[in-house]
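# Breakdown of the fold
These are the residues of each chain, in order.
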Amino acid sequence: MKAYYKIGEISKIYGIGKDSLMYYEDLGILNPVRGENGYRFYSISDIWRLNLIKELRSLDFSMKKIKDYLDDRDLVSTQAILNEEATLIDQKIAELLAHKQNINSRLKEIEEVVKETQFDTIEVKWIKERKALLLNANITRDEQVDFLIQKLHKEYEASFYILGNHNIGAIFDFEEVKRGRYNVFQSVFCLLPDEACQFNFVLPEGHYVSYHYTGHYKKNKIYLEKMFTYIKEQGYQIIGNPIEIYKLDIHETGKEEEFITEIQIPVQLKQ
């Protein structure tokens, strides 16, 4: 075994960038010797330090905390930092288990959407009040809907996910729909659990005429007109903007025939 290693060798062995190694040197954590040509040479004593640095950094210990520990180590401080490691690992395990539970929930939601959705059927259902995160914008293309969903997600990243979420949608501009423009939306939204505390919009409770369809969103014109005819025949009154909810879309599949979208139109039933 060699007594000294060049910076390139150390960088390769540990997968640590040269800039990071020089940063550790600036902090006084590593103290390489210089050869006649100015090259840095790291000794075996630097190697054990790197072993500890890499382990502690993997648990997000600050460089200051790592330096303080390396500068003044004894059994008491080692036991303390190991206990802190164990606590951090427990926290990470809890986070991973929660993340796994979330993923399993989304898988179940996708399965339920595929297996239980009724197509080509107009339904009237009572829906309770729904909390949501909403981003207002004048949208005229499907691509803009996707862009604004991403923008909404970035703004409220801790509040909802995108992949496997069947509660993301858009609100039509009903006045534009009346003019025959079916691709104009006022806003995008994500519906939230009842217990959510952070929300900026509420969809009111009430009766909604609902219709599920498959395929590209451009087909919504066909189904909206079909729903309007049904509402007129039943003597109902439309009392708000129609909404689209993207149960399965481009985020879950690249095949348009697998898209599943629900249109909901709030109505007042015939007195």
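A short tour of the structure in this document, coming up. The structure presented is a predicted model; accordingly, all values stated were derived computationally and were not measured. (Residues numbered from 1 in each chain as written. Predicted model: local features only at pLDDT ≥ 70, side-chain atom pairs only at ≥ 80, totals over all residues. Heavy atoms only, no water.)

Attention now moves to the overall build of the protein. Of the regular secondary structure elements, the protein holds eight helices and twelve strands. Against the 2.2 N^0.38 benchmark of 18 Å for 271 residues, the protein shows a C-alpha radius of gyration of 29 Å, more extended than a compact globule. Its C-alpha atoms give the protein principal-axis dimensions of roughly 90 × 40 × 30 Å. Out of the 271 residues belonging to the protein, those deemed buried represent 40%. A sequence separation of at least 24 residues applies to 70% of the contacts in the protein between residues at least 6 apart. Of the roughly 16100 Å² that the protein leaves accessible, carbon and sulfur atoms contribute 51%. Of the side chains in the protein, 36 bear a positive and 43 a negative charge, and the two mean positions are spaced by 3 Å. (Helix = DSSP H or I, 4+ residues; strand = E, 2+ residues; numbered from the N terminus. Rg over C-alpha atoms; globule rule 2.2 N^0.38 Å. Buried < 20%, exposed > 50% of the residue type's maximum accessible area, 1.4 Å probe, protein only. Contact = heavy atoms within 4.5 Å. Areas by Shrake-Rupley, 256 points an atom, 1.4 Å probe, with all protein chains shown as cover. Lys, Arg positive; Asp, Glu negative; His and termini not counted. Charge placed at Lys NZ, Arg CZ, Asp CG, Glu CD.)

Attention shifts here to the environment of Phe172. Topologically, Phe172 is positioned in strand S6 (residues 168–172). C-alpha separation for the pair Phe172 and Asn104, spaced 68 residues apart in sequence, amounts to 32 Å.

Before going further, it helps to examine helix H8 (residues 220–234). Here H8 contains 15 residues, and its C-alpha end-to-end distance of 21 Å stays within 8% of the 21 Å for a straight helix at 1.5 Å per residue. Along H8, the residues that are buried comprise Asn220, Tyr223, Leu224, Met227, Phe228 and Ile231. Burial along H8 is one-sided: seen end-on, the buried residues are contained in an arc of 140°. What points out from H8, more than 90 degrees from its buried face, is the exposed set Ile222, Lys232 and Glu233. Remark: Gly235 follows H8 within two positions and exhibits a positive phi of approximately 75°. (Expected span 1.5 Å × (residues − 1). Arc of directions from axis to C-beta.)

Tallying each qualifying case throughout the model produces eight aromatic pairs. Their ring planes at 55° and their centres at 5.0 Å tell us that Tyr217 and Tyr246 sit as a pair that is tilted. Of this pair, Tyr217 sits in the loop between strand S9 (206–214) and H8 while Tyr246 sits in strand S11 (residues 243–248), and the two are 29 residues apart along the sequence. Each member of the pair, Tyr217 as well as Tyr246, is classed as buried. Judged by centre distance (6.3 Å) and plane angle (75°), the ring pair of Tyr230 and Tyr236 falls under edge-to-face. Of the residues examined, Tyr236 reaches a relative accessible area of 19% and is grouped as buried. Pairwise contacts between aromatic rings join Tyr211, Tyr213 and Tyr223 into one cluster. (Phe/Tyr/Trp six-rings, centres within 6.5 Å; stacked < 30°, edge-to-face > 60°.)

Following the criterion strictly, the structure yields two cavities of 30 Å³ or more and no others. Empty space within the largest cavity amounts to approximately 40 Å³. Surrounding the largest cavity, Ile149, Ile162, Asn165, Ile168, Tyr246, Asp249, His251 and Glu252 form its lining. Looking at the lining of the largest cavity residue by residue, the class counts come to four nonpolar, two polar and two charged. (1 Å grid on protein atoms, 1.4 Å probe; cavity = no way out; pocket = protein on both sides within 12 Å on 5 of 7 lines; lining within 4 Å. Points joined across faces, edges and corners; volume = space filled by probe spheres on them. Nonpolar A, V, L, I, M, F, W, Y, C, P; charged D, E, K, R; others polar.)

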